[in-house]
Amino acid sequence: MSEENHDEATSHEEVTPVDEAHDSGDALSQAEAILNEAGGEAGDQTPASDKEAELREDLLRLQAEYVNYRKRVERDRDVARENAVQSVFTNLLPVLDDIDAARLHGDLVDGPFASIANKLDAVLEGLGLERIAEAGVAFDPNVHEALIQQPNAEISADHVAQVLRPGFKKGDRILRAAQVIVSLGE
């Protein structure tokens, strides 16, 4: 292309400055602005043609798809976060078992390690981790794993007589069932 033809081609092109509305904000508000501008222009001139109506419907459809996409991404992000937290909890269960064993043997009564263990318990509890370690409650196969059945005069039948290993849950999800001895009564 010669320099003369290039100058003619560029002189006929209209260059419009980019305003900040196109640079900032979300796509949804930009689409609404375009729809409003198109509606104002159509009202100034003649009624909208079929092509303009079709483009408007396409824009509305894209707008709805974008909103649905954003909601789906937010929901997926929440599920991924919840799965990551539960994975961390599941991996920490053997550590919590060791801490419980140390407490039972009197190794974590005082000192810096007892303080660390208490802080870890508090943090995990604050994140929603709950222990299933209560004796005397009715046996529930959803939260308890019965290892032994024994007669027990103090505990009624089909109730937890002793917790051998605590279970854990986060919300309604059981991460590990509690291993228990179930009473047969007298």
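This text gives an overview of the structure that appears in the document. If you're wondering where the values come from, they're calculated on a predicted model, not measured in any experiment.

1. A few points about helix α4 (residues 50-104)
Okay, step 1: Its 55 residues place the ends of α4 79 Å apart at the C-alpha level, agreeing with the 81 Å of an ideal helix rising 1.5 Å per residue.
Okay, step 2: Along its length, α4 shows its largest kink, about 40°, at Leu-93, and proline Pro-94 lies within four residues downstream of that point.
Okay, step 3: Following α4 by one or two positions, Gly-106 has its phi on the positive side, about 80°.

2. Some thoughts on the side chain of Arg-176
Okay, step 1: As for its position among the elements, Arg-176 is in strand β5 (residues 173-176).
Okay, step 2: Residue Arg-176 is classed as buried on the basis of its relative accessible area of 12%.
Okay, step 3: Side-chain polar atoms of Arg-176 contact the side chain of Asp-97, separated by 2.7 Å.
Okay, step 4: If sequence neighbours within four positions are ignored, Arg-176 has contacts with Leu-93, Asp-97, Ile-132, Arg-165, Pro-166, Gly-167 and Phe-168.

3. What about the sheet that holds strand β1 (residues 129-132)?
Okay, step 1: Taken together, three strands build an open sheet; the order of strands is β1-β4-β5 and the sheet is antiparallel. Sheet topology places β1 and β5 at the edges, where each strand pairs with a single neighbour. Here the average twist between neighbouring strands, direction ignored, is 35°.
Okay, step 2: Pairing between strand β4 (residues 167-170) and β5: three bridges, direction antiparallel. The partner of Lys-169 across the bridge, within β5, is Ile-174.

Definitions and limits used
- Residues numbered from 1 in each chain as written.
- Predicted model: local features only at pLDDT ≥ 70, side-chain atom pairs only at ≥ 80, totals over all residues.
- Heavy atoms only, no water.
- Helix = DSSP H or I, 4+ residues; strand = E, 2+ residues; numbered from the N terminus.
- Expected span 1.5 Å × (residues − 1).
- Bend = angle between axes of the 7 residues up to and from the residue.
- Buried < 20%, exposed > 50% of the residue type's maximum accessible area, 1.4 Å probe, protein only.
- Polar contact = N/O pair within 3.5 Å; in protein donor to acceptor, adjacent residues only side chain to side chain.
- Contact = heavy atoms within 4.5 Å.
- Pairing = 2+ DSSP bridges.
- Axes fitted to C-alpha atoms, helices over the stretch in contact; angles between N-to-C directions.

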